[in-house]
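# Observations on the three-dimensional arrangement
Each chain, letter by letter, is given below.
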Amino acid sequence: MVASPHSLLIGMLTGIVGGIMLGGFSPAMGQNCEFIGELFLQGLFALVVPLVVSSMIVGITSLGDIRQLGPLGFRTVLFFLSTTGLAVLLGLILVTVIHPGTPIAPSTMETSTSFMVERVHDKPSTLIDLFKTILTSLVPKNLFAAMAETQILPLIVFSLVFGGVLTTIGEKGLPVIRLFEGINEAMMAIVHLLMWVAPVGIGALIAGRLGEAGGFSGFWPQLASLSAYVGTVLGALALHGLILLPFILRFLGKRSVPHYAKAMSTPLMTAFSTSSSSATLPLTLESLIEEAHVSRRVVSFVVPLGATINMNGTALYEAVAAMFIAQTYGIEMGVGETIIVLITATLSAIGAAGIPEAGLVTMVIVLKAVDLPIEGISLILVVDWFLDRCRTMINVWGDAVGAAVIDHWEDQQKNTGSSSTPPLTSHP
Ligand code: ASP
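Residues numbered from 1 in each chain as written. Predicted model: local features only at pLDDT ≥ 70, side-chain atom pairs only at ≥ 80, totals over all residues. Heavy atoms only, no water.

### Here's the deal with empty space enclosed by the protein
Worth spelling out the cut-off: For each structure, a 1 Å grid was placed over the protein atoms alone; sets of points admitting a 1.4 Å probe that cannot get out are labelled cavities, open sets with protein on both sides within 12 Å along at least five of seven lines are labelled pockets, and lining residues have an atom within 4 Å of a point. Grid points are joined across faces, edges and corners, and a volume is the space filled by probe spheres set on the points. A run of H or I in DSSP becomes a helix once it reaches four residues, and a run of E becomes a strand once it reaches two; helices and strands are each numbered from the N terminus. Three residue categories are used. Nonpolar comprises Ala, Val, Leu, Ile, Met, Phe, Trp, Tyr, Cys and Pro, charged comprises Asp, Glu, Lys and Arg, and polar comprises the others, including Gly.
Inspection of every chain in the model, using the stated rule, returns one cavity of 30 Å³ or more. In this structure, the largest cavity encloses a volume near 70 Å³. The wall of the largest cavity is formed by 15 residues, among which T314, A353, I355, D388 and N395 lie closest to the centre. Those elements that provide at least two residues to the lining of the largest cavity are α17 (358–369) and α18 (381–415). For the lining of the largest cavity, the per-class residue count stands at five nonpolar, seven polar and three charged.

### A few points about the site of the ligand
Note the following rule: To be near a molecule or strand, a residue needs just one of its heavy atoms within 4 Å of it. For the purposes of these results, a polar contact is taken to be a pair of N or O atoms within 3.5 Å, where, inside protein, one atom must be able to donate a hydrogen and its partner to accept one; residues adjacent in sequence count only when each atom of the pair is a side-chain atom. Residue burial considers only the protein chains on display, and all accessible areas are found by Shrake-Rupley using a 1.4 Å probe. Assignment to a cavity or pocket requires that more than half of a molecule's atoms be within 2 Å of the site's grid points.
The environment of the ligand is made up of 16 residues, and the closest members are S277, T314, G359, D388 and R391. Between the ligand and A358, the relevant distance is 2.9 Å, taken from an oxygen atom to a main-chain nitrogen or oxygen of the residue. Taking D388, its side chain carries an N or O atom lying 2.8 Å from a nitrogen atom of the ligand. Its free accessible area being 270 Å², the ligand has 100% of it covered by the protein chains. Comparing atom positions with the cavity grids shows the ligand to sit within the largest cavity. Those elements that provide at least two residues to the shell around the ligand are α17 and α18.

### Some points on unusual backbone geometry
Inclusion rule: Burial classification: accessible surface area is computed with a 1.4 Å probe over protein chains only, and a residue below 20% of its type maximum counts as buried, one above 50% as exposed, and the rest as partly exposed.
A positive phi is found at H293, a non-glycine position, where the angle reads about 55°. Accessibility expressed as a relative area gives 59% for H293, which makes it exposed. Unusually for a residue other than glycine, D371 sits at a positive phi of about 60°. Locating D371 in the fold gives a position in the loop between α17 and α18.

### Here we look at the pattern of salt bridges
What counts here: Here a salt bridge means any side-chain nitrogen of Lys or Arg lying within 4 Å of a carboxyl oxygen belonging to Asp or Glu.
Throughout the structure, instances matching the rule amount to seven salt bridges. Notably, a salt bridge pairs R209 with E212, separated by 3.9 Å at the nearest N-O pair. In this pair, R209 and E212 both sit in helix α8 (residues 174–212), three residues apart, roughly one turn of the helix. A relative accessible area of 18% places R209 in the buried class. Note on E212: relative accessible area 46%, which makes it partly exposed. Two residues, R391 and D388, come together in a salt bridge whose shortest N-O distance is 3.4 Å. In this pair, R391 and D388 both sit in helix α18, three residues apart, roughly one turn of the helix. One exposure class covers both R391 and D388, and it is buried.

Without other data, these values stay purely geometric and don't point to any function.
Listed below in structure tokens is the structure:
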């Protein structure tokens, strides 16, 4: 039995409010409850690999004609790049207008770089390095190692090739396709089960993290000390998530914004509490197919790809943070530097993994590209866990809007009669 969307929404909201109250007023108790949230998180992560592989294979085999993948992939990547670029632009406009950073004397600055040295060790630090890392990671050296490390991009590539090949071997491929359809259904059924415990899980995660920050009395001063910066990031995320993306959803996706937002409320709240688009992926897939009624073949291709490469919130945040660091260090950013920030933030968000605080690491690429001090990251570290939650929500919302738009384009394509080959599988 599936929880009704309405009762689930109320449950999730109650979980979030309960978690905030518990962690805020009783930090120790909040931290004690965190393990319950961890259990929920592990449950979600356990589903990511089998879901990505099975839904990709089912999606690809249901395309009918594998040649359709080219235009679909091209449109998807183009759409993701455009919305990410727009998000960055919005962030840059806001950070320039609000100017949250006031120059402070170098002697009063935190100059500890040990945190970043530790985090950035072995990570790509230039755009060329990043490109190389992404390109080499597309082909898994060892499929099982990629699964064990939840590397989604190489799994997507493998599943695309595997699914594509299955459609070319006729009768022999059918039992394998049926097998993956069964695996996919079973995984979705487990996602339904997990939804029952989602309110408790997300509440415990929030209580635990807020408890770790010292409850309300520890968290407010941190927030207040960076209020202009936090306000700029939140303002830009809100403009993107509440105005720009809904506008795209309405006019390019032809969807009712309130209905779509309601259908996506569970993954959005899960994104907020887990800070991970990868962990949220099972719920994003489920809600898009079951609640928002986006076609399975589009969702199964667009959403795993989106959870890996489409990070509107992360890109926006990286641009705002880089400009804030420049402002605080009193470094003048001209038009040329600002354009470099726009491009590098858009591209480095593609390289960020869908896990907590991954954006903080890829931000090094943006800072290096315009010669900003990497240790500037320590200025914003203390509030990053909170902003991470907010930008992860926008990342997931961006994927969901992308799925609606691509679905609408695919429908139009079908109606103009360009798809002729019937799908190999029974899925819509
Ligand atoms: N936590 C984000 C995500 O999973 C990535 C980031 O911005 O750090 O989407």
